[in-house]
Protein chains: 2
Amino acid sequence: MSPGGGADRILDRALAGRVMTAADAAAQIRPGDTVGFSGFTGAGYPKAVPGALAERMTAAHDRGEDFRIQAWSGASTAPDLDGVLAAAHGLSKRIPYQSDPVLRRQINDGEVEYVDAHLSHTAQHSWFGFYGPLDAAVIEVAAILPHGLLVPSSSVGNNKTWLEHADRVVLEVNSWQPREFEGFHDVYYGTRLPPHRAPIQLTSPMQRIGDPYLRVDPDRVVAVVETNAPDRNSPLAPLDDHSRAMADLLVDFLRHEVRHDRMPASLLPLQSGVGNVANAVMAGLLESEFEGLTSYTETIQDGLLDLLDAGKLTGVSATSFGLSPDGVRRFNASVNDYKGRILLRSQEISNHPEVVRRLGLIAINGMIEADIYGNVNSTHVAGSAIMNGIGGSGDFARNAYLNFFVSPSTAKDGAISAIVPFASHIDHTEHDVQVLVTEQGLADLRGLSPRARARRIIDRCAHPDFRDRLEDYFERAQKAHPHALHTPHLLDEALGWHRSLLETGRM
Amino acid sequence: MSPGGGADRILDRALAGRVMTAADAAAQIRPGDTVGFSGFTGAGYPKAVPGALAERMTAAHDRGEDFRIQAWSGASTAPDLDGVLAAAHGLSKRIPYQSDPVLRRQINDGEVEYVDAHLSHTAQHSWFGFYGPLDAAVIEVAAILPHGLLVPSSSVGNNKTWLEHADRVVLEVNSWQPREFEGFHDVYYGTRLPPHRAPIQLTSPMQRIGDPYLRVDPDRVVAVVETNAPDRNSPLAPLDDHSRAMADLLVDFLRHEVRHDRMPASLLPLQSGVGNVANAVMAGLLESEFEGLTSYTETIQDGLLDLLDAGKLTGVSATSFGLSPDGVRRFNASVNDYKGRILLRSQEISNHPEVVRRLGLIAINGMIEADIYGNVNSTHVAGSAIMNGIGGSGDFARNAYLNFFVSPSTAKDGAISAIVPFASHIDHTEHDVQVLVTEQGLADLRGLSPRARARRIIDRCAHPDFRDRLEDYFERAQKAHPHALHTPHLLDEALGWHRSLLETGRM
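Worth saying up front: this structure is predicted, and the values here are computed from it rather than measured. (Residues numbered from 1 in each chain as written. Chains lettered and ligands numbered in written order. Predicted model: local features only at pLDDT ≥ 70, side-chain atom pairs only at ≥ 80, totals over all residues. Heavy atoms only, no water.)

**Student:** How would you summarise the overall build of chain A if you had to cite specific residues and measurements?
**Tutor:** Looking only at helices and strands, one finds 18 helices and 27 strands in chain A. Against the compact-globule benchmark of 23 Å for 507 residues, chain A has a radius of gyration of 23 Å, which places it among compact chains. Overall, the C-alpha framework of chain A stretches about 75 × 55 × 45 Å when taken along its three principal axes. Here chain A holds 507 residues, and 66% of them are scored as buried. Within chain A, counting contacts between residues at least 6 apart in sequence, those at least 24 apart form 73% of the total. Of the accessible surface of chain A, which amounts to about 15800 Å², a share of 49% is contributed by carbon and sulfur atoms. In chain A, the 47 positive side-chain charges and the 63 negative ones have mean positions that sit 3 Å from each other. (Helix = DSSP H or I, 4+ residues; strand = E, 2+ residues; numbered from the N terminus. Rg over C-alpha atoms; globule rule 2.2 N^0.38 Å. Buried < 20%, exposed > 50% of the residue type's maximum accessible area, 1.4 Å probe, protein only. Contact = heavy atoms within 4.5 Å. Areas by Shrake-Rupley, 256 points an atom, 1.4 Å probe, with all protein chains shown as cover. Lys, Arg positive; Asp, Glu negative; His and termini not counted. Charge placed at Lys NZ, Arg CZ, Asp CG, Glu CD.)

**Student:** So what's going on with the nonpolar core? Which residues, and what values?
**Tutor:** The biggest cluster of nonpolar side chains holds 68 residues, and the ones touching the most others in it are I372, I419 and L436 of chain A together with I372, I419 and L436 of chain B. Not counting the four nearest positions on each side in its chain, I372 of chain B is found in contact with I419, V420, P421, R453, A454, I457, I458, L470, Y473 and F474 of chain B. Counting residues in hydrophobic clusters, the runner-up holds 53 residues, among them V258, V277, I362 and F404 of chain B. (Core = buried A, V, L, I, M, F, W, Y, C linked by side-chain atoms within 4.5 Å.)

**Student:** Tell me about unusual backbone geometry, and please be specific about residues and values.
**Tutor:** Between I95 of chain A and the following residue, P96 of chain A, the backbone shows a cis peptide bond with an omega angle of -5°. Take P96 of chain A: it is sitting in the loop between β3 (91–95) and α5 (101–108). Phi is positive for H147 of chain A, which is not a glycine, with a value near 60°. Checked against the element boundaries, H147 of chain A lands in the loop between β5 (136–144) and β6 (149–152). The class for H147 of chain A is exposed, based on a relative accessible area of 74%. Although it is not a glycine, D413 of chain B sits at a positive phi angle of roughly 55°. Tracing the backbone through its elements, the reader meets D413 of chain B in the loop between β23 (410–411) and β24 (416–417).

**Student:** Hey, could you go over the packing of aromatic side chains for me, with residue numbers and the actual values?
**Tutor:** If you walk through the whole model with that rule in mind, you get 29 aromatic pairs over all chains. An angle of 50° between the planes, with centres 5.5 Å apart, marks the rings of W72 of chain A and W162 of chain A as tilted. With W72 of chain A in strand β2 (residues 69–72) and W162 of chain A in helix α7 (residues 159–165), this pair connects stretches of sequence that are 90 residues apart. Overall, the relative accessible area of 0% leaves W72 of chain A in the buried class. For the pair F253 of chain B and F404 of chain B, a centre-to-centre distance of 5.8 Å together with 85° between the ring planes defines the contact as edge-to-face. Here F253 of chain B is found in helix α8 (residues 241–259), whereas its partner F404 of chain B is found in strand β22 (residues 402–406), with 151 residues between them in sequence. Taken as a pair, F253 of chain B and F404 of chain B share a single burial class, namely buried. Here the aromatic cluster, defined as three or more aromatic residues joined through ring pairs, consists of F181, F184, F321, F331 and Y338 of chain A. (Phe/Tyr/Trp six-rings, centres within 6.5 Å; stacked < 30°, edge-to-face > 60°.)

**Student:** Describe the relation of the copies chain A and chain B, listing the residues and the values that go with them.
**Tutor:** Here chain A sits on chain B after a turn of 180° about the axis and a move of 0.0 Å along it, with an RMSD of 0.0 Å. In the structure described here, the two chain copies are related by an operation that fits a two-fold rotation axis. Judged by C-alpha distance, E354 of chain A is the residue of chain A that lies nearest the rotation axis, at 2.2 Å. The residues that chain A uses at the interface reappear at the interface of chain B in 100% of cases, marking a shared surface. (Least-squares fit on C-alpha atoms with pLDDT ≥ 70 in both.)

**Student:** Explain the UniProt feature "domain: Acetyl-CoA hydrolase/transferase N-terminal" (unreviewed entry) in chain A residue by residue, including any values.
**Tutor:** Under the feature "domain: Acetyl-CoA hydrolase/transferase N-terminal" (unreviewed entry), the UniProt entry names residues 20–226 of chain A. Each end of residues 20–226 of chain A is marked by a C-alpha atom, and these two atoms are 8 Å apart; helix forms 24% of the span and strand 22%. (UniProt positions renumbered as here; feature names shortened; annotations may be inferred.)

**Student:** A description of the sheet that holds strand β25 (residues 419–420) of chain B should follow, citing residues and the corresponding values.
**Tutor:** All names here are of chain B. Spatial strand order, β19-β18-β25: 3 strands in an open sheet with mixed pairing. The outermost strands of the open sheet, each flanked by one partner alone, are β19 (376–377) and β25. One ladder, built from 2 bridges, connects strand β18 (residues 369–371) with β25; its direction is parallel. Bridging from a neighbouring strand, D371 pairs with V420 of β25. (Pairing = 2+ DSSP bridges.)

**Student:** I'd like a rundown of the interface of chain A and chain B, residues and numbers included.
**Tutor:** Chain A puts 87 residues into the contact, and the matching count from chain B is 87 residues. Roughly 7100 Å² of surface becomes buried between chain A and chain B when both sides are summed, with 54% attributable to carbon and sulfur atoms. Among the residues of chain A in contact with chain B, R357, R398 and L491 of chain A are the three that bury the most area, contributing 13% of the side total. Taken together, chain A and chain B are joined by 2 salt bridges. (Buried area = accessible area lost by both parts, 1.4 Å probe. Salt bridge = Lys/Arg side-chain N within 4 Å of Asp/Glu carboxyl O.)

**Student:** Requested: an account of the pattern of salt bridges, with residues and values cited.
**Tutor:** Residues and elements named next belong to chain A. The full count for this structure, using the stated rule, is 51 salt bridges over all chains. In this structure, the salt-bridge partner of D231 is K47, at a minimum N-O distance of 2.8 Å. One end of the pair, D231, is in the loop between β10 (221–227) and α8 (241–259); the other, K47, is in the loop between β1 (34–37) and α3 (49–62), with 184 residues separating them in the sequence. According to the relative accessible area criterion, D231 is buried, its value standing at 7%. Relative accessible area serves as the criterion here: at 11%, K47 is assigned to the buried category. D444 serves as the salt-bridge partner of R446, at 2.9 Å between the closest nitrogen and oxygen. A relative accessible area of 15% means that D444 is categorised as buried.

**Student:** Explain helix α17 (residues 464–480) of chain B to me, using residue names and the numbers behind them.
**Tutor:** Residue and element names in this part refer to chain B. In a regular helix each residue adds 1.5 Å, so 17 residues correspond to 24 Å; α17 covers 25 Å between its end C-alpha atoms and thus fits that length. For α17, every residue scored as buried is listed here: F466, L470, Y473, F474, A477 and Q478. The buried residues of α17 occupy one face: seen down the axis, they fall within an arc of 125°. Of the residues in α17, the exposed ones pointing more than 90 degrees away from the buried face are D468 and K479. (Expected span 1.5 Å × (residues − 1). Arc of directions from axis to C-beta.)

**Student:** For the sheet that holds strand β19 (residues 376–377) of chain A, give the residues involved together with the corresponding values.
**Tutor:** Here 3 strands make up an open sheet; going across it, the order is β19-β18-β25 (chain A) and the pairing mixed. Edge positions in the sheet fall to β19 and β25 (419–420) of chain A, since each of these pairs with one other strand and no more.

**Student:** Residues and numbers for the pairing of strand β16 (residues 342–345) of chain A, please.
**Tutor:** Residues and elements named next belong to chain A. Burial along β16 is two-sided: I342 and L344 and L343 and R345, pointing in opposite directions, are all buried. Two elements, strand β8 (residues 185–186) and β16, share 2 bridges in a ladder whose sense is parallel. Bridging from a neighbouring strand, H185 pairs with L344 of β16. Note: strand β14 (residues 313–318) against β16, 3 bridges, orientation parallel. Residue V316 lies in a different strand from β16, and its bridge partner there is I342.

**Student:** Give me the side chain of Q106 of chain A: which residues, what numbers.
**Tutor:** One can find Q106 of chain A in helix α5. Excluding anything up to four places from it in sequence, Q106 of chain A contacts A86, A87, H89, E111 and V112 of chain A.

**Student:** Residues and numbers for the packing of helix α10 (residues 302–309) of chain B against helix α11 (residues 325–333) of chain B, please.
**Tutor:** Residues and elements named next belong to chain B. The geometry of α10 relative to α11 is characterised by a closest axis approach of 10 Å and an angle of 35° between their N-to-C directions. Crossing hand, α10 versus α11: left-handed. Where α10 abuts α11, its residues D302, L305, D306 and D309 lie against G327, R330 and F331. Its residues placed into classes, the contact of α10 with α11 shows 2 nonpolar, 1 polar and 4 charged. (Axes fitted to C-alpha atoms, helices over the stretch in contact; angles between N-to-C directions. Left-handed = near helix turned anticlockwise from the far one by under 90°. Nonpolar A, V, L, I, M, F, W, Y, C, P; charged D, E, K, R; others polar.)

Set out below in structure tokens:
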């Protein structure tokens with residue numbers, strides 16, 4: 001075997017015969033192709049073929065030829081995938097999520113078309129034929145077993161769909177990923193197209209309803225590439241005071257809900273978006289009295305590992321890892337201890353509205369800004385420029401038992417307020433937002449009319465530097481429209497804070 | 001029995017002993033109470049007690065006493081309920097939907113708090129305790145059977161929840177409603193609170209998963225009132241050219257989807273919002289070649305009855321009727337012929353994300369406006385004033401197989417464009433809107449980036465009187481922000497069309 005490979009990684013003779021270099025594998029992808037890549041939150045993306053493909057693209061461009069592809073993924077990937085393909089000017093369209101700085105710039109420069117979609121929708125919209133045909137798939141796995149069975153790696157994402165849907169399949173076998181991943185996955189093969197769909201019989205976060213393996217038709221596997229390379233694994237920022245304050249507010253609110261019989265003592269399954277606040281909330285729960293917790297989420301961050309290690313979390317279901325380098329070391333050192341307590345599923349199941357609503361999740365997601373009436377912007381800066389994308393936040397927030405949107409009350413050293421008169425882009429509407437949290441406080445919006453929401457949001461969540469101006473806006477809007485008092489706005493000022501941001505760098 | 005009653009309407013002896021006048025029954029409702037009313041789209045609301053309650057409120061107000069209540073419902077009711085309570089200044093808060101002109105004015109005048117919520121969410125948020133306790137319920141039924149079994153009337157709405165949740169129950173037995181309604185309902189009693197929820201085992205629109213009856217604890221029934229009064233039953237406007245044009249575009253697009261194998265030949269279950277366009281679509285389907293259709297929707301309008309009568313629709317599941325007076329006459333004349341082909345369910349089931357997604361609905365809903373990027377406003381006029389509410393449109397659109405939002409391209413004799421640079425309120429985000437239809441054309445937005453959506457919406461859906469200005473806005477927005485080209489906006493002009501509307505009456 002080649003360096004980094006291992007005798008236990010490719011157990012299918014026919015597919016072992018298709019091992020080739022990344023460069024040869026990349027030659028299977030043609031200009032204009034639509035390619036489905038593995039990868040979710042910087043885990044389980046292919047490590048070698050995208051780079052080799054980028055080299056072919058650059059060479060083609062140097063020859064004056066066009067070579068761009070459409071790239072579909074699970075969610076965000078890494079510089080080794082989105083980064084290199086964007087740097088090679090090789091992407092024409094990207095679906096359904098990204099967070100790469102080079103790619104983001106190209107989207108905002110108008111070079112790459114980006115379809116920012118709910119992560120639970122991608123697989124079905126692909127199957128429905130709404131996105132067109134899928135020419136190729138490039139999927140990282142931990143091992144290839146006989147008969148087309150694949151041990152998934154550190155994310156599942158949309159891999160099941162890409163493997164079934166693509167004409168040509170390239171597999172990357174990454175021996176950096178623990179071989180012990182076998183048994184960590186639950187891949188549901190019960191999906192059908194309407195009108196033939198059946199209920200998803202999942203009633204608790206750790207229940208298995210599928211197979212531990214992905215399946216592939218071996219005849220469609222055109223290349224196998226061996227790699228030995230780590231996932232992206234960004235280091236965690238240390239917990240700052242603001243994150244800690246938001247976490248304390250949120251955990252205290254959960255306590256309050258338990259006291260009022262609106263939540264079981266062991267809470268309900270936790271979903272938390274990626275980032276420091278989510279990790280801080282997990283740290284807050286670690287220090288709390290809560291026991292017997294569960295999690296049904298997208299991504300396993302270090303905070304969830306801490307809760308598992310402490311015995312406070314009985315199990316976590318997700319679609320990917322999103323650990324720090326330290327978290328990876330801890331996981332790899334005790335991988336067998338985590339078996340049965342961690343399950344990775346397809347993202348259409350981890351984020352499925354049916355399952356999210358049934359399980360009754362506590363959904364905790366970040367935001368860029370909220371307006372005084374509780375409409376949330378998760379994706380855009382000042383209305384026009386995309387940051388990352390909506391990801392799974394809509395799947396979870398809309399269908400959760402209880403949802404939280406969290407953000408520090410200001411950004412850029414106080415130049416920008418996260419609470420604004422009118423959100424410059426709306427990803428979560430007033431109908432979908434229940435609790436807002438900043439380091440200033442927590443606004444419980446359940447059962448409130450828009451004006452009552454505004455009073456509470458301004459009072460509890462806005463930074464003192466902006467509170468008076470928000471109150472002034474709200475008061476003047478009410479005076480200006482005495483017969484339009486449901487959601488009063490001053491249309492000439494509503495987006496003024498964002499105009500000021502663009503013109504002066506401050507709101 | 002009293003006039004309008006009938007020996008077959010109240011078969012429970014104990015409850016027959018609690019028959020009283022509407023005035024006496026209304027005395028069971030106290031100032032400050034929260035009251036759950038039956039009623040959905042002008043069907044199945046109580047006809048007598050609200051008026052009697054309004055008289056008590058007016059009398060109290062004349063004495064200088066406060067007498068207001070919170071009112072929860074299924075959806076919209078009628079002048080006999082929302083209208084009289086609002087006219088008596090007897091409402092402090094209203095959840096989750098309304099369409100009454102008097103009440104709307106009071107909401108926009110700031111007198112009544114209105115919580116405009118997804119219709120699938122109300123029952124569960126009430127059970128979760130998010131809206132506080134429910135003091136009383138006033139529910140119309142078609143008959144009272146022994147042992148607390150109730151034959152529902154022309155809507156089910158949230159009646160199951162109000163009957164279970166309220167401390168005191170007032171029943172109105174309306175002998176105007178066909179006694180033959182027995183057997184037309186399927187009330188699901190399998191709902192639980194998380195973490196005890198199970199899959200809803202519904203896999204086809206006409207499947208029965210519940211009981212034909214509502215249940216009530218007889219001990220909590222404090223009054224029974226006999227009535228004989230028709231539902232609201234607004235006459236239908238004649239089909240106009242614009243509705244017909246939109247219907248033709250939509251039906252033709254369904255044909256196109258079938259041809260491209262993206263839809264079965266008998267389509268998928270149809271959901272259509274209330275109004276003339278929805279009726280026109282049904283008329284378009286009536287004249288089409290489609291056969292074996294099904295419907296899983298909120299409200300049964302005349303167009304669905306026509307399709308049933310023609311044998312083109314095999315069955316329809318909804319939560320209420322919404323027929324014209326002529327439609328009611330037709331239904332009542334042949335009520336037994338419709339048995340087994342019409343089922344009314346609780347709105348948490350008719351609108352349930354789990355079921356909507358599983359069945360793969362074709363969702364057709366109206367809108368007030370859409371912006372050039374496909375964000376849809378369903379609720380507000382010029383940002384501040386509420387029109388009706390989001391209703392079930394979010395439940396259906398987000399989870400449908402395919403969704404359509406339809407509106408004439410202009411309103412008020414051409415003074416207002418339904419396509420605007422920036423929606424003045426957003427109820428359905430870019431992530432949730434697939435196809436826009438005006439009488440000008442149809443814009444299929446699936447798989448498009450925001451700028452590609454803008455080009456298509458302006459080109460296909462905008463009225464020619466506004467098209468050049470929209471194109472100009474879009475072009476200048478792109479020039480102004482060469483590095484923010486994902487969703488380019490001119491923040492100083494984005495809401496300018498609505499400003500102009502408020503100032504001049506024209507956009």
